[in-house]
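Now for the letters of each chain:
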Amino acid sequence: NVVSSTLLGAGGEDEVVGSSWLGDGSLVVAANLGAQSSLLKGALTLKGVRADARGVLLHLSADGTKLKRVVRIASTLSDMSVDLCDKVYVAAHDDGLLKLELTTPRLLWQVKPGWVHRVDVNEKGQSVVLVPDNQKDPDSKSGPGQIFIYSVEGKPIGRFKGYRNTTDICIDTQTQSV
């Protein structure tokens, strides 16, 4: 059974790169929207972000019928993860990794280890990102890439090379593995 649905974007340049339910039942969607998207009307823009940035977070009501807010956060997005405290972590290519508070909305911290393509966060709020060697084809011929691990505060706590064509990442709290 479909509980709710929504039409995001108008096709063409629009793409959804991640979504997650928040603790209050609402939905956050990370997307890249084209300049003509009607969803950009009235969008908030984080300080320092260009007004024509395509990377946005959309905050929808639990039933998907109401758009609570749209926030421009970076030039381009490629992945998103949400921690247990509803903090949003976004892989934003040249803009690096961003950790955001959606309800305010505000940037909590940002790190730029390179061209960030994938992100994950564990139950403790530690995040891991993938910086692929090949930016032209990061989803199939990425090369081993570099993997960076960050503390809850955004401090680096680990870095290592991936294996062959590393295209995605995951961090597990129980096994303390990536």
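One structure accompanies this document, and this report is about it. Keep in mind it's a predicted model, so treat the numbers as computed, not measured.

## Concerning the pattern of salt bridges
All chains considered together, the criterion is met by 5 salt bridges. The residue Arg-50 makes a salt bridge to Asp-52 at a minimum N-O spacing of 2.7 Å. One salt-bridge network, in which partners are shared between bridges, spans Arg-118, Asp-139 and Asp-168.

## Quick look at the sheet that holds strand E3 (residues 44-45)
Read from one edge to the other, the open sheet built from 5 strands follows the order E1-E2-E4-E5-E3, with strand pairing classed as mixed. Strands with a single pairing partner mark the edges of an open sheet, and in this sheet they are strand E1 (15-21) and E3. Note: E1 against strand E2 (residues 27-32), 6 bridges, orientation antiparallel. Opposite Ser-19, over in E2, you have Val-29 as the bridge partner.

## A few points about the pairing of strand E9 (residues 106-111)
In terms of strand pairing, strand E8 (residues 97-101) meets E9 through 5 bridges, oriented antiparallel. Among the inter-strand pairings, Leu-98 is bridged to a residue of E9, identified as Gln-110. In textbook terms, the turn of a hairpin is the stretch between consecutive antiparallel strands, and for E8 and E9 this stretch comprises 4 residues.

## A few points about the nonpolar core
One finds Val-28, Leu-57, Ile-73, Leu-77, Met-80, Val-88 and Val-90 to be the most contacted residues of the largest nonpolar core, which totals 20 residues. When contributions to this core are tallied by element, the ones reaching two or more residues are E2, strand E5 (67-74), strand E6 (79-82), strand E7 (87-91) and E8. The leading source of residues in this core is E5, at 3 residues. Residues in contact with Ile-73, not counting those within four places in the same chain, are Leu-46, Val-49, Gly-55, Val-56, Leu-57, Val-90, Leu-98 and Leu-100. Ala-91, Trp-109, Val-116 and Val-119 belong to the second largest nonpolar core, which has 12 residues in total.

Definitions and limits used
Residues numbered from 1 in each chain as written. Predicted model: local features only at pLDDT ≥ 70, side-chain atom pairs only at ≥ 80, totals over all residues. Heavy atoms only, no water. Salt bridge = Lys/Arg side-chain N within 4 Å of Asp/Glu carboxyl O. Pairing = 2+ DSSP bridges. Helix = DSSP H or I, 4+ residues; strand = E, 2+ residues; numbered from the N terminus. Core = buried A, V, L, I, M, F, W, Y, C linked by side-chain atoms within 4.5 Å. Buried < 20%, exposed > 50% of the residue type's maximum accessible area, 1.4 Å probe, protein only. Contact = heavy atoms within 4.5 Å.

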